[in-house]
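Chain residues, written in single-letter form:
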Amino acid sequence: VKFATITLSTERKSDIIDITHRVEEIVVKSGVENGLCLIHAAHATMAIVVNEHESGLLRDIMAKVQHMFPPGAGYSHDYIDDNAHAHLASAFLGSSRIFPVKNGRIVRGTWQHILALELDGPRSRREVVVELLGE
Ligand code: ZN
């Protein structure tokens with residue numbers, strides 16, 4: 001089992017950060033040849049999704065998230081903290097993804113990038129954990 005942490009800072013209220021190359025670097029350095037790679041955002045207002053890194057699509061993804069989870073829609077959590085929309089988006093999109101690792105590389109389609117979604121930024125420090133299980 002190998003464990004690593006990617007630290008990020010985010011500059012906007014909502015943001016998408018492509019962490020594919022940082023994850024792949026961790027996998028290569030780990031020496032794990034075959035197994036599983038877990039990518040987990042250790043925060044209640046972030047999500048990890050997998051899809052194409054194309055600027056229009058990234059805008060579409062965030063627009064869809066904001067459409068599904070609009071801020072200030074009368075949520076109970078907003079009475080103690082004004083970020084219920086971010087918690088809901090994280091809860092339903094999910095804060096982790098798993099990839100197979102084969103021959104020392106994560107198995108992904110050409111257009112499948114690993115995208116960290118900031119849902120309640122900006123934040124000076126965010127952590128995405130990468131855990132590899134294998135041999
Ligand atoms: Zn909150």
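Values in this document were obtained by computation on a predicted structure and should not be read as measured data.

Draft legend 1. Structural view of the coordination of the zinc ion. Surrounding the zinc ion are the protein donor atoms His 77 (NE2), Asp 81 (OD), Asn 83 (OD1) and His 87 (NE2), which sit 2.1 to 2.2 Å from the metal. Of note is the zinc ion, whose 4 donor atoms meet at the metal with angles of 89 to 156 degrees in an arrangement that counts as irregular. Considered as a linear motif, the donors of the zinc ion on their single chain read H-x3-D-x1-N-x3-H. Among the residues examined, His 87 registers a relative accessible area of 26% and is labelled partly exposed.

Draft legend 2. The packing of aromatic side chains, seen in detail. This structure, assessed with the given rule, holds 1 aromatic pair. Each ring, one from Phe 69 and one from Phe 92, has its centre 6.1 Å from the other, and the planes form 15 degrees; the classification is stacked. Taken as a pair, Phe 69 in the loop between helix H2 (55–68) and helix H3 (84–93) and Phe 92 in helix H3 lie far apart in primary sequence, 23 residues in all. Looking at Phe 92, the relative accessible area reads 63%, which means it is exposed.

Draft legend 3. Structural view of the environment of Gly 121. Checked against the element boundaries, Gly 121 lands in the loop between strand E7 (113–118) and strand E8 (126–134). The buried category is assigned to Gly 121, whose relative accessible area is 10%. Along the backbone, Gly 121 and Thr 7 are 114 residues apart, and their C-alpha atoms lie at a distance of 14 Å. Apart from the residues within four sequence positions on either side, Gly 121 is in contact with Thr 10, Arg 12 and Lys 13.

Calculation notes
- Residues numbered from 1 in each chain as written.
- Predicted model: local features only at pLDDT ≥ 70, side-chain atom pairs only at ≥ 80, totals over all residues.
- Heavy atoms only, no water.
- Donors = N, O, S within 2.8 Å, 3.2 Å for Na, K, Ca; no water.
- Tetrahedral: all angles 85-135°; square planar, octahedral: opposite > 155°, others 65-115°.
- Buried < 20%, exposed > 50% of the residue type's maximum accessible area, 1.4 Å probe, protein only.
- Phe/Tyr/Trp six-rings, centres within 6.5 Å; stacked < 30°, edge-to-face > 60°.
- Helix = DSSP H or I, 4+ residues; strand = E, 2+ residues; numbered from the N terminus.
- Contact = heavy atoms within 4.5 Å.

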